[in-house]
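Secondary and tertiary structure notes
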Amino acid sequence: MNTESKRSDVEVQQNVVEALRADTRVEATNIGVEVDRGIVTLTGNVQDWAERTAAQEAAHRVPGVLDVANEIHVKPPGSAERTDADIARSIREALEWDVFLPNRKITTTVSNGIVTLEGMVENVSQREDAAEAVAHLPGVREVKNLLQLGPASPAVEAAKEAAKAPKRAHGFATMDR
């Protein structure tokens, strides 16, 4: 490896470390950074999947980073690991609490802390919200979002049709211009 490439890797490593420190979602002291020809390897332990993802995103934002190997492990706080059943119960509660998600149309599988989301949602926002709702839960190591986009519910379709209908003022139909 020539000196120019080596120096560049050192600069990229320093910039990645700075990016991790600047990202408020990441506890940078828990993450190791190695760089080899623009390929960044992240190592260490974080508290949840969201922090692991945030570290990866921070590394990708640094100029000179070509690829990121994310080898960060998720270790929830506390000494006892949560069981998959505990995680599944927490996930169901989180989905039910989010009033914007069709929680009955979303099924989950938890295996060794890895959560797989499946089912139908109405739009991209719901797909992203579902993953976000479970990513921060203790014990979640990874989220595989396999949610599919499908037709809106009958209530949503009725609301869209009502919005298109002429407005009524004092019993008379009016047209918006």
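Shown above is the structure to which this text applies.
Here goes a summary of the coordinates provided.

1. A closer look at the layout of surface pockets
If you add up the space inside the largest pocket, you get close to 280 Å³. If you go around the largest pocket, the residues you meet are Arg25, Asp48, Trp49, Ala50, Glu51, Thr53, Glu57, Ala131, Glu132, Ala135, His136 and Val143. Among the elements of the structure, helix H2 (49-60) and helix H4 (124-135) are those that each provide at least two residues to the lining of the largest pocket. Among the elements that take part in the lining of the largest pocket, H2 stands out by supplying five residues, more than any other. Within the lining of the largest pocket, the residues separate by chemical class into five nonpolar, two polar and five charged.

2. Remarks on H4
An α-helical turn contains 3.6 residues, so any two residues separated by three or four positions project in the same direction. In a regular helix each residue adds 1.5 Å, so 12 residues correspond to 16 Å; H4 covers 17 Å between its end C-alpha atoms and thus fits that length. Three or more residues of H4 are buried, namely Gln126, Ala130, Ala131, Val134 and Ala135. Among the structural elements, H2, helix H3 (84-97), strand E4 (106-111), strand E5 (114-121) and strand E6 (142-145) are those in contact with the buried residues of H4. The N-cap residue of H4 is Asn123: its side-chain oxygen and the backbone nitrogen of Ser125 are 3.2 Å apart.

3. Section: the pattern of salt bridges
Evaluation of the coordinates by the stated rule reveals four salt bridges. Here Asp23 and Arg61 are joined by a salt bridge, their closest N and O atoms 3.2 Å apart. Of this pair, Asp23 sits in the loop between helix H1 (3-22) and strand E1 (31-36) while Arg61 sits in the loop between H2 and strand E3 (67-74), and the two are 38 residues apart along the sequence. Given a relative accessible area of 8%, Asp23 falls into the buried group. Here Arg89 makes a salt bridge to Asp86, at a shortest N to O gap of 2.7 Å. With a gap of three residues between them, Arg89 and Asp86 both fall in helix H3, about one helical turn apart.

4. Observations regarding the pairing of E4
Two elements, E4 and E5, share six bridges in a ladder whose sense is antiparallel. Considered in E5, the bridge of Ile106 is made with Gly119. Following E4, the chain reverses through two residues before pairing antiparallel with E5; Asn112 in that reversal takes a positive phi of roughly 55 degrees.

5. Side note on the sheet that holds E3
On the basis of which strands lie adjacent, the open sheet formed by three strands has the order E1-E2-E3 and mixed pairing. Edge positions in the sheet fall to E1 and E3, since each of these pairs with one other strand and no more. Put simply, the sheet's adjacent strands are angled 10 degrees from each other on average, direction ignored. Inspection of the sheet shows E1 paired to strand E2 (residues 39-46) by six bridges, in the antiparallel sense. In the sheet register, Glu34 faces E2, and the bridge partner there is Thr41. H2 contacts E1, E2 and E3 of the sheet and is inclined by roughly 160 degrees relative to E3.

Procedures and definitions
- Residues numbered from 1 in each chain as written.
- Predicted model: local features only at pLDDT ≥ 70, side-chain atom pairs only at ≥ 80, totals over all residues.
- Heavy atoms only, no water.
- 1 Å grid on protein atoms, 1.4 Å probe; cavity = no way out; pocket = protein on both sides within 12 Å on 5 of 7 lines; lining within 4 Å.
- Points joined across faces, edges and corners; volume = space filled by probe spheres on them.
- Helix = DSSP H or I, 4+ residues; strand = E, 2+ residues; numbered from the N terminus.
- Nonpolar A, V, L, I, M, F, W, Y, C, P; charged D, E, K, R; others polar.
- Expected span 1.5 Å × (residues − 1).
- Buried < 20%, exposed > 50% of the residue type's maximum accessible area, 1.4 Å probe, protein only.
- Contact = heavy atoms within 4.5 Å.
- Polar contact = N/O pair within 3.5 Å; in protein donor to acceptor, adjacent residues only side chain to side chain.
- Salt bridge = Lys/Arg side-chain N within 4 Å of Asp/Glu carboxyl O.
- Pairing = 2+ DSSP bridges.
- Axes fitted to C-alpha atoms, helices over the stretch in contact; angles between N-to-C directions.

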